[in-house]
Amino acid sequence: MALLEIQNVTRRFGNFEAVHDVGLEVEAGEFFTLLGPSGCGKTTLLRMIAGFDAPDAGRIFLNGQDLVATPPEKRPLHTIFQNYALFPHLTVADNIAFPMRMAKLGERAIAEKVKQILDEVRLSEMGGRYPADLSGGQKQRVAIARALVDRPHLLLLDEPLAALDLKLREQMQIELINLQREVGITFIYVTHDQGEALALSHRIAVMDAGKVMQVGRPEDIYEFPANRFVADFIGVCNLLEASVTAAEPDALTLDIPPLGKVGAYSPQSLPVGRHGVLALRPEKVRIDSQIVAAPQENHFSGTVRALIYMGDITMYHVEITCDGASGLTIKALLPNSQARGASFFEVGDRVEIAWRYDAGRFVYE
Amino acid sequence: MSNGHGNYAAPDNETRHARFPLPSPLPQAGEGDKGLLRKFHVKHSWGLLLAGLGGSLFLYLPLVIVVVYSFNDSNIAAQWVGFTWRWYDVLLHDAEMIQAAYNSLLIALVASAVATVLGTLAGMAMYRYKLRLLPFLVVAPLAIPEILTGVSLLVFFVLLNMTLGLISIMLAHISFCISFVAIVVRSRLAGMDESLVEAARDLGATPWQSFRLITLPLIVPGVLAGALLAFTMSIDDFVITFFTAGVESTTLPLKIYTMIKIAVTPEVNAISTILMLITLLLVTIASKLAPNAMRGG
């Protein structure tokens with residue numbers, strides 16, 4: 001049995017359906033991420049798990065117990081808020097002691113645990129300070145200490161790194177991964193940052209417009225997007241309008257105007273004529289001044305129309321020219337590790353590109 | 001990896017521009033701002049300074065005169081004779097005045113205490129339930145002419161067959177003090193992070209515990225400021241008190257009024273000065289406690 005089971009949960013605000021018929025299962029010990037653009041319903045879902053909001057339909061089970069009728073203070077879980085929500089009139093130590101005082105633990109035991117967790121989050125000297133005297137990263141650690149000190153079954157994190165600057169965010173990401181591994185508590189993490197989701201999670205649920213679009217491991221979500229939304233939302237992706245012209249077991253032939261016939265791969269057999277998009281990651285596209293196409297490879301030539309230099313990598317926008325027809329642009333990515341200058345090609349250069357049949361995913365939803 | 005380029009010299013300006021073509025010269029960020037600044041820039045001018053000075057004089061000169069003449073060693077107020085503490089001494093031995101002061105203080109204490117509790121609840125309700133009607137109902141008493149409030153309360157008390165006296169004045173004062181407290185408390189709540197209460201609940205606090213341990217300590221400055229304001233409003237209220245007072249329940253403002261019907265003596269100036277000092281002090285403390293609410297938030 002999963003630790004957390006969300007069954008057919010729907011939440012409406014007036015005519016707006018913030019969460020629509022969502023079903024999810026989260027296993028004990030998992031780092032599970034709800035990922036989606038703002039307004040996709042991920043925070044509403046989190047608030048229903050925490051108990052700040054109640055579903056209009058559906059049920060939420062924790063350890064097999066229905067949570068919906070349980071007030072937030074009775075749920076064996078804690079939340080880390082985006083702005084940390086540290087109590088400004090209490091010291092760091094009193095903030096951390098708060099959940100234990102609510103649980104009526106003895107003051108001796110509380111003092112001991114506060115000291116212990118302050119050591120763990122490397123804030124031993126900060127117990128007497130007030131939240132206003134702490135830096136962003138320190139506040140973050142106090143919030144984590146306060147939420148973990150009484151060992152909840154589940155920790156909900158609502159975009160906890162959004163307020164930090166880039167360097168600190170990367171550092172805190174590593175701390176979060178280590179922390180989750182050490183304490184073994186199940187994390188449900190809400191973010192709109194796909195990079196963060198890919199880096200942190202065991203599994204990700206991608207949400208859009210109140211619905212779950214795909215659930216899977218980061219590499220599944222990235223490599224095998226289930227639909228156009230996921231392909232587009234996660235990372236950078238070439239989305240090429242296509243329709244099926246021939247489907248054999250494992251092998252798929254697509255028609256992509258104006259490229260013509262393109263080889264692709266699909267685990268399912270699809271009917272001829274089915275319309276969809278070929279989702280092709282830029283890093284899967286080979287680009288060079290001359291390419292000898294290998295078997296099972298699509299091969300085209302074109303012109304560099306734009307390039308985006310990002311230091312370590314450069315993204316080339318290649319306009320494909322075939323049989324005089326042109327107009328389709330494919331993005332190809334090249335690491336600059338071998339380049340001696342800023343990048344390999346300049347705008348206007350003639351290049352050739354190629355990609356393996358199974359590099360792209362045909363999605364039709 | 002091979003490519004067609006052997007030359008990796010830094011590109012000249014032309015190729016850079018080809019690579020990052022700019023649509024058109026970008027508007028200079030500074031220019032617009034400067035224009036805006038100029039529009040709102042107020043020049044120093046003697047006319048403006050004089051107008052401000054004149055306005056302030058008009059507002060405060062009468063008060064200064066009252067204070068100054070409270071130290072005037074003369075039985076009539078008309079001319080300056082010399083400095084004395086005499087009138088403050090007279091005040092202290094004026095039994096009626098002491099009784100009036102006692103009444104005023106008692107009324108203000110009770111009225112502000114009750115109004116603080118009710119007003120805090122009203123402020124919280126205004127904040128929590130975003131109903132349109134509620135703020136209107138709470139704030140309306142401030143906008144209704146005092147004389148109307150006074151008359152209607154009088155009629156109300158008579159209808160109830162109530163004897164006019166300290167109790168009726170207290171009830172009247174409570175009714176208008178609630179508004180002040182509610183407004184100050186609501187503005188304090190509006191400045192509070194909503195997720196704090198949720199965090200408290202999340203960490204195991206019942207609704208009552210989260211109010212007592214988190215909300216209340218955070219709004220205490222607002223509550224105190226509201227209480228002080230209510231106290232001030234109560235202690236120097238005249239119109240509503242006039243309508244709701246009985247024979248035996250003279251307050252300081254009523255007493256002053258009866259005294260000046262006879263003559264503006266330096267004793268009136270002295271008691272007015274004391275009243276003014278108390279009021280100023282309380283309002284200053286209140287504004288320190290809840291700066292935002294005092295600015296009309």
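Look up a bit, the structure's there.
One structure accompanies this document, and this report is about it. Each chain carries its own residue numbering, running from 1 in the written order of its sequence. Lettering for chains starts from A, numbering for ligands starts from 1, and both go in the order in which the items are written. Local features in this predicted model are restricted to residues whose pLDDT is 70 or higher, and side-chain atom pairs enter the listing and the counts only when it is 80 or higher, whereas totals over whole chains, interfaces and linings include all residues. Side-chain measures here rest on the full set of heavy atoms in the structure, leaving out hydrogens and waters.

Description of the overall build of chain B
Part 1 of the reasoning: Secondary structure summary: chain B contains 14 helices and 0 strands in total.
Part 2 of the reasoning: Runs of E in the DSSP output that reach at least two residues are strands. Runs of H or I that reach at least four are helices, and both are numbered from the N terminus. When the elements of chain B are put in sequence order from the N terminus, they spell out α-α-α-α-α-α-α-α-α-α-α-α-α-α.
Part 3 of the reasoning: Relative to its full complement of 297 residues, chain B shows a buried share of 37%.
Part 4 of the reasoning: Partitioning the contacts of chain B with sequence separation of at least 6, the portion at a separation of at least 24 is 70%. Only protein chains enter the area calculation, which uses a 1.4 Å probe; residues under 20% of their type maximum are buried, those over 50% are exposed, and those in between are partly exposed. The contact rule is simple, with two residues in contact once any of their heavy atoms fall within 4.5 Å.

Comments concerning the sheet that holds strand β12 (residues 251–256) of chain A
Residue and element names in this part refer to chain A.
Part 1 of the reasoning: One bridge is not enough; two strands pair if DSSP finds at least two bridges between them. Read from one edge of the open sheet, 5 strands run β13-β12-β11-β14-β20, paired in antiparallel fashion. Two strands lie at the open edges of the sheet, namely β13 (260–265) and β20 (361–363), each paired on one side alone. Pairwise comparison of adjacent strand axes, ignoring direction, gives a mean angle of 45 degrees for this sheet.
Part 2 of the reasoning: As defined by bridge partners, strand β14 (residues 275–280) adjoins β20 across 3 bridges and the pair is classed as antiparallel. In the strand pairing of β20, L278 is matched with F362. To define axes, lines are fitted to C-alpha atoms, for helices over the stretch in contact only, and angles between the resulting N-to-C directions are given on a 0 to 180 degree scale.

Observations concerning empty space enclosed by the protein
Part 1 of the reasoning: Definitions used for this entry: grid spacing 1 Å over protein atoms alone; cavity, a set of points where a 1.4 Å probe fits but cannot get out; pocket, an open set with protein on both sides within 12 Å along at least 5 of 7 lines; lining residue, one with an atom within 4 Å of a point. Grid points are joined across faces, edges and corners, and a volume is the space filled by probe spheres set on the points. Evaluated as defined, the whole model comprises 2 cavities of 30 Å³ or more.
Part 2 of the reasoning: Forming the walls of the largest cavity are Y222, E223, P225, C237, A279, R281, K284, A359 and R361 of chain A.
Part 3 of the reasoning: Across the lining of the largest cavity, the residue classes tally to 5 nonpolar, no polar and 4 charged.
Part 4 of the reasoning: As used throughout, domain bounds are those supplied by an automatic or database domain assignment. Two domains share the lining of the largest cavity, each providing at least three of its residues, namely domain 1 (4–232) and domain 2 (236–363) of chain A.
Part 5 of the reasoning: Roughly 40 Å³ of internal volume is contained in the second largest cavity.
Part 6 of the reasoning: What lines the second largest cavity is S104, I107, H173, S234, I235, D237, T241, T251 and P253 of chain B.
Part 7 of the reasoning: Counting only elements with at least two residues in the lining of the second largest cavity, the list comes to α5 (95–128) and α10 (207–235) of chain B.
Part 8 of the reasoning: For this classification, the nonpolar set comprises Ala, Val, Leu, Ile, Met, Phe, Trp, Tyr, Cys and Pro, the charged set comprises Asp, Glu, Lys and Arg, and every other residue, Gly included, is treated as polar. For the lining of the second largest cavity, the residue count by class is 3 nonpolar, 5 polar and 1 charged.

Quick notes on the interface of chain B and chain A
Part 1 of the reasoning: Across the boundary between the two partners, chain B contributes 25 residues, which contact 34 residues of chain A.
Part 2 of the reasoning: Accessible-area loss on putting two parts together, using a 1.4 Å probe and summing over both, is the definition of buried area adopted here. With both sides pooled, the region where chain B packs onto chain A buries about 2800 Å², and carbon together with sulfur makes up 61% of that total.
Part 3 of the reasoning: Salt bridges are identified by distance alone: a Lys or Arg side-chain nitrogen within 4 Å of an Asp or Glu carboxyl oxygen. Linking chain B to chain A there are 2 salt bridges.
Part 4 of the reasoning: Polar contact is defined as a pair of N or O atoms within 3.5 Å, subject to the rule that within protein one atom must be able to donate a hydrogen and the other to accept it, and that residues adjacent in sequence are counted only when both atoms are side-chain atoms. One can count 7 residue pairs in polar contact (both at pLDDT 80 or more) joining chain B with chain A.
Part 5 of the reasoning: For the side of chain B that touches chain A, the elements supplying multiple residues, two or more each, are α9 (195–202) and α10 of chain B.
Part 6 of the reasoning: Considering every element that reaches the side of chain B that touches chain A, the biggest residue donor is α9 of chain B, with 7 residues.
Part 7 of the reasoning: A per-class count over the side of chain B that touches chain A returns 12 nonpolar, 8 polar and 5 charged.

Considering a nonpolar patch on the surface
Part 1 of the reasoning: Distance thresholds for patches are 9 Å for like charges and 5 Å for nonpolar side chains (Val, Leu, Ile, Met, Phe, Trp, Tyr), applied to residues having over 30% relative accessible area and no salt bridge. Note that accessible areas follow from Shrake-Rupley with a 1.4 Å probe, and for residues the cover is restricted to the protein chains shown. On the surface, L57, F58, L59, Y60, L61, L63, V64, I65, V68, W80, F83 and W85 of chain B cluster together to form a nonpolar patch covering roughly 1300 Å² of accessible area.
Part 2 of the reasoning: Topologically, L59 of chain B is positioned in helix α3 (residues 46–69).

Digging into the environment of E283 of chain A
Residues and elements named next belong to chain A.
Part 1 of the reasoning: By secondary structure assignment, the location of E283 is in the loop between β14 and β15 (286–288).
Part 2 of the reasoning: Accessibility expressed as a relative area gives 35% for E283, which makes it partly exposed.
Part 3 of the reasoning: Separated by 239 residues in the primary sequence, E283 and T44 have C-alpha atoms spaced 35 Å apart.
Part 4 of the reasoning: The residues touching E283, leaving out its near neighbours within four places in the chain, are Y222 and L333.
Part 5 of the reasoning: A distance of 2.6 Å separates the side chain of E283 from the side chain of Y222, its partner in a polar contact.

Focus: the packing of aromatic side chains
In this description, a pair of aromatic rings is defined by centroid distance and the angle of the planes.
Part 1 of the reasoning: Working definition: rings of Phe, Tyr and Trp (its six-membered ring) pair if their centres are within 6.5 Å, and the pair is stacked with planes under 30 degrees apart, edge-to-face with planes over 60 apart, and tilted otherwise. Within the structure shown, the criterion is met by 20 aromatic pairs over all chains.
Part 2 of the reasoning: A centroid spacing of 4.8 Å and a plane angle of 55 degrees characterise the contact between F87 of chain A and F98 of chain A, whose relative ring orientation is tilted. Taken together, the positions of F87 of chain A in the loop between β6 (77–80) and α2 (92–102) and F98 of chain A in helix α2 put the pair 11 residues apart, joining distant regions of the chain. Both residues of the pair, F87 of chain A and F98 of chain A, belong to the buried class.
Part 3 of the reasoning: An aromatic cluster is present here, built from F71, F83, W85 and Y88 of chain B joined pairwise through their rings.
Part 4 of the reasoning: Only when the NZ atom of a Lys or the CZ atom of an Arg is both within 6 Å of the ring centre and within 35 degrees of the ring normal do we say a charge sits over the ring. Lying across the ring of F87 of chain A, R146 of chain A places its NZ or CZ 4.6 Å from the centre.
Part 5 of the reasoning: It is R281 of chain A that lies over the ring of Y222 of chain A; its NZ or CZ is 3.9 Å from the centre.

Details of the pairing of strand β4 (residues 57–62) of chain A
All names here are of chain A.
Part 1 of the reasoning: Pairing of strand β1 (residues 4–13) with β4 involves 5 bridges; the strand directions are antiparallel. Bridge pairing in β4 places L4 opposite L62.
Part 2 of the reasoning: Where β4 meets strand β5 (residues 65–66), 2 bridges bridge the pair, whose relative direction is antiparallel. The residue of β5 that forms the bridge with F61 is D66.
Part 3 of the reasoning: Hairpin connection from β4 to β5: 2 residues lie between these consecutive antiparallel strands, with N63 at a positive phi of about 55 degrees.

Focus: helix α8 (residues 166–190) of chain B
Part 1 of the reasoning: With 25 residues, α8 of chain B ought to run about 36 Å at 1.5 Å a step, and its terminal C-alpha atoms sit 36 Å apart, in line with that.
Part 2 of the reasoning: For a residue, the bend is simply the angle between two axes, fitted respectively to the seven-residue segment ending there and the seven-residue segment starting there. Maximum bend of α8 of chain B: about 30 degrees, positioned at F176 of chain B. By this rule, a helix spans an expected 1.5 Å times one less than how many residues it contains.

Thoughts on the side chain of T84 of chain B
Part 1 of the reasoning: Residue position: T84 of chain B is located in the loop between α3 and α4 (86–92).
Part 2 of the reasoning: Here the side chain of T84 of chain B touches R86 of chain B through a polar contact of 2.8 Å, landing on its backbone nitrogen.

Focus on the pattern of salt bridges
All names here are of chain A.
Part 1 of the reasoning: Enumeration over the complete set of coordinates arrives at 21 salt bridges over all chains.
Part 2 of the reasoning: Close ionic contact of E175 with R122 constitutes a salt bridge, the shortest N to O distance being 3.5 Å. Of this pair, E175 sits in helix α5 (residues 166–183) while R122 sits in the loop between α3 (107–120) and α4 (136–148); the two residues are 53 residues apart in sequence, bridging distant segments of the chain.
Part 3 of the reasoning: Since its relative accessible area comes to 21%, E175 is described here as partly exposed.
Part 4 of the reasoning: Where E297 meets R286, a salt bridge forms, and the shortest distance between an N and an O atom there is 3.0 Å. On the criterion of sequence distance, the pair formed by E297 in strand β16 (residues 297–309) and R286 in strand β15 is long-range, its members being 11 residues apart.
Part 5 of the reasoning: Among the residues examined, E297 registers a relative accessible area of 13% and is labelled buried.
Part 6 of the reasoning: A network of salt bridges, in which partner residues are shared, links R11, D53 and D56.

Treat this as a map of the structure, not an account of what it does.
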